[in-house]
Amino acid sequence: MTDRDKIRNFCIIAHIDHGKSTLADRILEMTGVLTEREMDDQVLDNMDLERERGITIKAQAVRLNYKAKDGTEYVYNLIDTPGHVDFNYEVSRTLSACEGAVLVVDASQGIEAQTLANVYLAIDHDLEVVPVINKIDLPAAQPEVVRREIEDVIGLPADDAPLISAKVGIGIDEVLEQIAQKIPAPEGDDKAPLKALVFDSYYDSYRGVIVYVRIFDGAVKRGDTIRFMSTGRDYTVTEVGWFKPGTLCPADSLEAGEVGYIAAAIKDITDATVGDTVTLKDDPAEEPLPGYKSVQPMVFCGIYPVDGADYENLRDALFKLKLNDASLTFEPETSQALGFGFRCGFLGLLHLEIIQERLFREFDLELITTTPSVIYYVYLTNGEKIVLDNPSNYPDPATIEHIEEPMVKATIMTPKEYVGNIMELCNDRRGEFINMDYIEETRVVLTFNMPLNEVIYDFFDALKSRTRGYASLDYELSEYKPSKLVKLDILLNGQIVDALSFIVHEEKAYTRARKIAEKLKDVIPRHQFEIPIQACIGGKIIARETVKAYRKDVLAKCYGGDITRKKKLLEKQKEGKKRMRQFGSVEVPQEAFLTVLKLDSGD
Amino acid sequence: METLLPGLYVHIPFCVKKCNYCDFYSLGISECVNAFGEGVYRDYVDALKREIAELRQCRGNGACGFGGTVIPEKIDSVYIGGGTPSILPPDLICELLDELRDGFVIAPDAEITIECNPGTLSENKLIDYKKAGINRLSIGVQSLNDSLLGFLGRIHDSKKALETIKLARTYFDNVNLDFISGVPGLIGKSRPQSLSDIERAIDAVAENGIPHVSYYSLITEEGTPLYDWREKGLLEDMDEGLERESYYLIKRRLNDAGYGQYEISNFALPGYESRHNLKYWSGAEYVGIGAGAVSFLRHHGGEKYVRYSNRKSVADHIDAGSFNDIRTVEELLDVIDRKKEFMMLGFRKLTGPDREIYSKLFNGADIELDFGTELQRLRSEGLIGNDLSLTAKGLDFANEIFTAFI
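Quick caveat, the model's predicted, so the values are computed rather than measured.

Engineer: Got a minute to help me understand the pairing of strand β11 (residues 239-244) of chain A in this structure?
Structural biologist: Residues in a regular strand project their side chains so that they alternate between the two faces of the sheet. All names here are of chain A. The pairing of β11 with strand β14 (residues 259-263) spans three bridges and is antiparallel. Its bridge partner lying in β14, Val240 is registered against Ile262. Linking β11 to strand β12 (residues 247-251), which pair antiparallel, is a turn of two residues; within it Gly246 sits at a positive phi near 80 degrees.

What follows is the structure, encoded as structure tokens:
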């Protein structure tokens with residue numbers, strides 16, 4: 001067993017790109033769990049996707065041994081947290097498992113919107129925050145300015161904040177020391193009934209669900225019968241253990257204060273939901289652990305297999321992803337155009353893209369995603385209220401009394417020279433300006449009330465491009481507000497494609513309709529006949545484009561020397577066709593559905 | 001109809017200068033002499049002779065060819081292509097053909113073609129070709145408009161082309177002219193091809209009694225200057241409508257002058273269809289000799305076929321010890337692959353894939369039974385006729401037909 005006084009459970013929080021994962025790697029290297037040779041950059045970001053995008057999507061945990069300067073040996077449990085605004089909930093789960101957080105701030109960028117959001121979240125969870133100033137090797141580094149910023153803006157003492165470069169490996173030892181000194185040891189009672197918090201999980205095809213837990217009270221070992229308190233389901237523990245980089249390391253037991261995993265041959269992944277409390281069947285805790293919000297997806301869209309035969313595979317894949325991702329929701333739906341698929345709920349557009357990419361990469365599924373939607377409240381003249389997350393269910397306009405849409409409070413932090421651009425962008429997205437605060441001479445925090453449906457499209461990208469990447473964004477749901485919304489339909493060759501319909505504000509309908517028509521004109525390949533693209537509201541056409549017919553599709557030449565190559569060319573052509581969807585006589589490529597999402601109205 | 005005898009293809013990868021649209025394996029003369037010295041033609045032809053001798057010996061020993069292939073013996077067509085084979089001194093061509101006659105049994109009435117271009121042909125060469133047994137010329141004229149010839153990067157002008165055509169006809173009855181349609185413009189430099197350019201070309205064909213014409217719609221291949229120009233936005237593309245009008249004009253004018261269209265881009269007076277090229281579209285075997293040449297041969301096991309290629313390297317060819325060392329299998333085709341390929345290539349011909357040849361090649365199998373579903377669909381789409389012929393629509397959208405058999 002591990003001496004609880006010597007355990008430190010902590011996470012690293014940072015704004016995206018401030019060096020969180022690099023610092024994690026350096027810590028792993030310094031504590032000797034990995035030699036330099038074994039280091040693959042950013043070990044904790046397991047998924048290819050995470051490495052490519054430079055973001056952490058899932059929480060990852062690792063147990064390290066650290067020998068402090070005074071000779072004391074500590075056990076560190078480092079839990080890496082996701083960094084994007086879409087994943088605030090995952091961050092909160094991780095924070096609950098920790099006593100402290102290392103706050104990484106970029107010495108050249110300073111505090112960003114997510115830095116603040118994460119720090120407040122950490123403080124809400126009563127964590128001890130250890131600030132660290134990173135990237136001091138960069139020419140643009142201003143560590144002293146940033147140190148003052150941390151003190152003034154966040155109100156954290158930062159006089160002894162280590163100045164480090166995770167990339168080059170400067171100052172890491174000081175970070176390790178401060179973790180031991182500043183972050184408190186976990187508390188807990190080994191004798192009390194088991195209370196273990198599930199902060200993540202994944203499906204292992206040999207051991208069943210691997211449940212990531214933080215033990216608050218009691219202990220758990222192999223052979224115990226555990227109970228998930230939200231469902232009341234019982235399982236016999238087959239293995240407990242700790243996390244080593246990339247592997248699981250079985251242990252005799254997990255005790256109060258420790259972080260580790262439980263395997264209990266859990267087959268049905270819905271039985272081990274993240275956020276639940278695990279206790280023992282024979283000696284149950286009276287109450288589950290507090291503080292877990294139920295996850296509220298904010299963005300919805302339909303996901304359909306390109307090949308209808310993949311429907312079952314898609315369902316299985318979604319179940320598997322859901323195991324690791326409590327925020328993903330899905331239920332079956334049917335589209336006239338796309339056949340059988342699922343209506344899925346996400347935290348935001350990035351989350352949607354990530355799930356889509358994981359379905360493609362990890363499960364080899366080719367998918368079509370419909371235009372995302374938020375949840376609207378539709379009040380009918382007969383007094384009924386409809387909760388609408390799918391434009392297909394939009395009722396007859398004559399029966400609608402009024403519609404309400406969700407609003408968010410958006411916080412944008414930016415160098416002051418971009419204020420004009422941001423005002424313009426937010427205005428264009430129906431944002432209502434609330435406030436502007438100077439955090440220092442050159443930087444401001446802007447707050448807006450904005451409709452969520454304006455934020456979910458490509459607001460983040462648009463914001464980045466208008467501020468040369470300097471602005472940062474955070475948002476939270478605030479309220480529902482009446483709004484003049486209409487349903488916009490897209491017709492191809494005279495037929496409505498239900499999967500392309502979406503709900504939009506009346507004033508923006510025309511511009512958006514025109515842009516979508518233009519985009520579709522670019523992505524829909526030419527056919528042997530002309531294809532009209534029309535956008536309409538309740539039967540009234542408000543935009544129209546035409547895809548001209550092609551006149552020829554023929555390889556002019558094919559002799560003995562290039563038969564193989566020409567065959568490959570034709571194969572590619574055929575492959576491309578297969579990936580398209582047939583709507584009446586029109587073949588629509590998947591990009592058509594995606595490009596509709598990526599309309600930057602600032603163009 | 002019997003199945004066709006195999007053909008022989010010899011690749012001569014040398015040109016005076018590479019054309020702007022050409023992606024065949026070929027080296028410009030100056031780069032070539034720089035790299036290999038003046039004796040390169042001699043060395044290369046010697047290598048070809050060794051390659052032919054190696055095939056002969058191999059067959060003589062009862063051994064298999066590369067990839068387990070059966071090296072054929074009886075041949076009734078030879079095609080010397082390039083590159084620009086007419087760049088070689090004619091005595092080397094003569095030696096090459098002698099070696100081929102040594103290595104294979106070439107039918108007395110075999111079609112023996114050499115590709116040439118107006119810039120490298122002379123009366124003496126024509127006389128020597130004739131003596132060497134060549135009976136068909138294929139001349140790369142491409143256009144009779146000097147501005148287009150310049151754009152395409154040809155080394156000749158229209159005057160030279162017309163002279164060459166006349167000269168060729170005085171020595172050879174069977175002459176093919178290659179032309180290109182659908183030529184774009186180079187912004188600020190040259191205009192896209194006009195219909196009158198095509199009229200002029202066809203007039204020259206008819207006036208000179210040329211029995212065979214290949215009229216290719218230009219393809220922009222990666223790795224060519226043309227491709228780079230397109231990427232850089234320097235081209236004024238030909239309107240697709242005009243491109244098709246050009247094609248229809250070519251078909252109409254040639255048909256009126258008595259030429260039958262027998263393939264998507266090929267036209268001939270009756271009896272002058274290219275025997276060698278028809279083999280590619282009719283499932284026949286061919287032996288490829290020279291750098292970059294491709295062979296398609298029966299596997300010794302009987303049912304499978306192998307398509308293999310020689311490395312695209314003059315240097316490796318000249319240095320090769322055994323030529324098998326510089327060969328790679330491109331495809332190993334089982335019966336189903338072969339059947340599909342037979343269909344795909346067969347539909348390049350106006351008459352479509354040949355049912356009798358199919359039946360002979362595939363043990364009595366019937367096209368209509370094997371591909372009933374596909375053929376029915378293509379017929380209902382109006383791409384092919386009941387007799388498997390290509391319709392006018394099928395000619396415009398032939399890829400739709402080809403992909404049915406991919």
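Engineer: Quick question: what am I supposed to make of the nonpolar core here?
Structural biologist: It is characteristic of soluble globular proteins that their nonpolar side chains tend to be buried jointly. Judged by nonpolar contacts, the single largest core of 84 residues is most densely connected at A:Leu359, A:Ile412, A:Ile422, A:Leu520, A:Ile524 and A:Phe593. Counting residues in each nonpolar core, the second largest holds 71 residues, with B:Ala107, B:Val141, B:Val205 and B:Tyr215 among its members.

Engineer: What am I meant to see in the interface of chain B and chain A here?
Structural biologist: Buried accessible area, meaning the area lost when the parts come together, often serves as the stated size of an interface. Of the residues lining the interface, 38 residues belong to chain B; the matching set on chain A comes to 24 residues. A buried area of about 3000 Å², summed over both sides, lies between chain B and chain A, and 53% of it is on carbon and sulfur atoms. Here chain B is connected to chain A by seven salt bridges. Among the ionic pairs, A:Arg526 bridges to B:Glu240, the shortest N-O distance being 2.6 Å. At the boundary of chain B and chain A, one finds 25 residue pairs in polar contact (both at pLDDT 80 or more). Here the side of chain B that touches chain A is built from residues that sort into 18 nonpolar, seven polar and 13 charged.

Engineer: Would you mind showing me how to read the pairing of strand β15 (residues 305-310) of chain B here?
Structural biologist: Residue and element names in this part refer to chain B. With six of six residues buried, β15 is to be regarded as a mostly interior element. Going residue by residue along β15, you find Tyr305, Arg307 and Ser309 tucked away on one face and Val306, Tyr308 and Asn310 tucked away on the opposite face as well. In this structure, strand β14 (residues 294-298) lies alongside β15, joined through five bridges in antiparallel fashion. Each bridged residue has a counterpart across the sheet, and for Val294 the counterpart in β15 is Ser309. If you look at the hairpin formed by β14 and β15, you'll find six residues sitting between the two strands, and Gly302 has a positive phi there, around 110 degrees. Direction of pairing for β15 relative to strand β16 (residues 327-333): antiparallel, over a ladder of six bridges. From the neighbouring strand, Arg307 faces β16, where its bridge partner is Glu331.

Engineer: Sorry, what's going on with the packing of aromatic side chains here?
Structural biologist: Aromatic ring pairs are described here by two measures, namely the spacing of the ring centres and the angle between the planes. Counted by the stated rule, this structure contains 35 aromatic pairs over all chains. Seen in terms of ring centroids, A:Tyr377 and A:Tyr480 are 3.8 Å apart; in terms of plane orientation they differ by 10 degrees. Their pairing is stacked. Of this pair, A:Tyr377 sits in strand β20 (residues 376-380) while A:Tyr480 sits in strand β25 (residues 472-483), and the two are 103 residues apart along the sequence. Since its relative accessible area comes to 22%, A:Tyr480 is described here as partly exposed. The rings of A:Tyr559, B:Tyr216, B:Tyr262, B:Tyr280, B:Trp281, B:Tyr286, B:Phe296 and B:Tyr305 are connected pair by pair, giving a single aromatic cluster. One cation-aromatic arrangement involves A:Arg63 over A:Trp242; the distance from NZ or CZ to the ring centre is 3.4 Å. If you follow A:Arg214 out to its NZ or CZ, it ends over the ring of A:Phe216, 4.3 Å from the centre.

Engineer: Before we go on, may I ask you to explain the packing of helix α7 (residues 195-207) of chain B against helix α9 (residues 240-256) of chain B in this structure?
Structural biologist: Each pair of packed helices can be described by the angle between their axes along with the distance between the axes. Residues and elements named next belong to chain B. The N-to-C vectors of α7 and α9 enclose an angle of 20 degrees; their axes lie 10 Å apart at closest approach. Considering their axes alone, α7 and α9 lie roughly parallel with respect to each other. For the pair α7 and α9, the sense of crossing is right-handed. In this structure, α7 contributes Leu195, Ile198, Glu199, Ile202, Asp203 and Val205 to the contact, and α9 contributes Leu242, Glu245, Ser246, Leu249, Ile250, Arg253 and Leu254. In terms of residue class, the contact of α7 with α9 is built from eight nonpolar, one polar and four charged.

Engineer: Before we go on, may I ask you to explain helix α12 (residues 335-346) of chain B in this structure?
Structural biologist: Note on helix geometry: an α-helix contains 3.6 residues per turn, so any two residues three or four positions apart are oriented the same way. Residue and element names in this part refer to chain B. Under the 1.5 Å per step criterion, the end-to-end length of α12 is 16 Å for 12 residues, consistent within 8% with the ideal 16 Å. Restricting attention to buried positions, one finds in α12 the residues Arg338, Lys339, Glu341, Phe342, Met343, Met344, Leu345 and Gly346. Two or three places before Ile336, at the start of α12, stands the capping residue Asp334, its side-chain oxygen 3.1 Å from that residue's backbone nitrogen.

Engineer: Where do I start with the side chain of B:Glu263 in this structure?
Structural biologist: Residue and element names in this part refer to chain B. You can see Glu263 is positioned in strand β11 (residues 260-263). Under the relative-accessibility criterion, Glu263 is labelled buried at 1%. Among the polar contacts listed, one links the side chain of Glu263 to the backbone nitrogen of Ser265, at a separation of 2.8 Å. Once residues lying within four places of it in the same chain are set aside, the contact partners of Glu263 are Trp281, Arg348, Lys349 and Leu350.

Engineer: I keep staring at the sheet that holds strand β19 (residues 367-369) of chain A and nothing clicks. Help me out?
Structural biologist: All names here are of chain A. With respect to topology, four strands assemble into an open sheet ordered β17-β18-β16-β19, the strand pairing being antiparallel. In this open sheet, the two strands that pair with only one neighbour each are β17 (329-335) and β19. Looking at each pair of strands side by side, their axes are set apart by 30 degrees on average, direction ignored. Here strand β16 (residues 299-305) runs beside β19; their pairing, made up of three bridges, is antiparallel. Bridge pairing links Tyr304 to Ile368 in β19.

What counts as what
- Residues numbered from 1 in each chain as written.
- Chains lettered and ligands numbered in written order.
- Predicted model: local features only at pLDDT ≥ 70, side-chain atom pairs only at ≥ 80, totals over all residues.
- Heavy atoms only, no water.
- Pairing = 2+ DSSP bridges.
- Helix = DSSP H or I, 4+ residues; strand = E, 2+ residues; numbered from the N terminus.
- Core = buried A, V, L, I, M, F, W, Y, C linked by side-chain atoms within 4.5 Å.
- Buried < 20%, exposed > 50% of the residue type's maximum accessible area, 1.4 Å probe, protein only.
- Contact = heavy atoms within 4.5 Å.
- Buried area = accessible area lost by both parts, 1.4 Å probe.
- Salt bridge = Lys/Arg side-chain N within 4 Å of Asp/Glu carboxyl O.
- Polar contact = N/O pair within 3.5 Å; in protein donor to acceptor, adjacent residues only side chain to side chain.
- Nonpolar A, V, L, I, M, F, W, Y, C, P; charged D, E, K, R; others polar.
- Phe/Tyr/Trp six-rings, centres within 6.5 Å; stacked < 30°, edge-to-face > 60°.
- Lys NZ or Arg CZ within 6 Å of the ring centre and 35° of its normal.
- Axes fitted to C-alpha atoms, helices over the stretch in contact; angles between N-to-C directions.
- Parallel < 35°, antiparallel > 145°, perpendicular 65-115°, else oblique.
- Left-handed = near helix turned anticlockwise from the far one by under 90°.
- Expected span 1.5 Å × (residues − 1).

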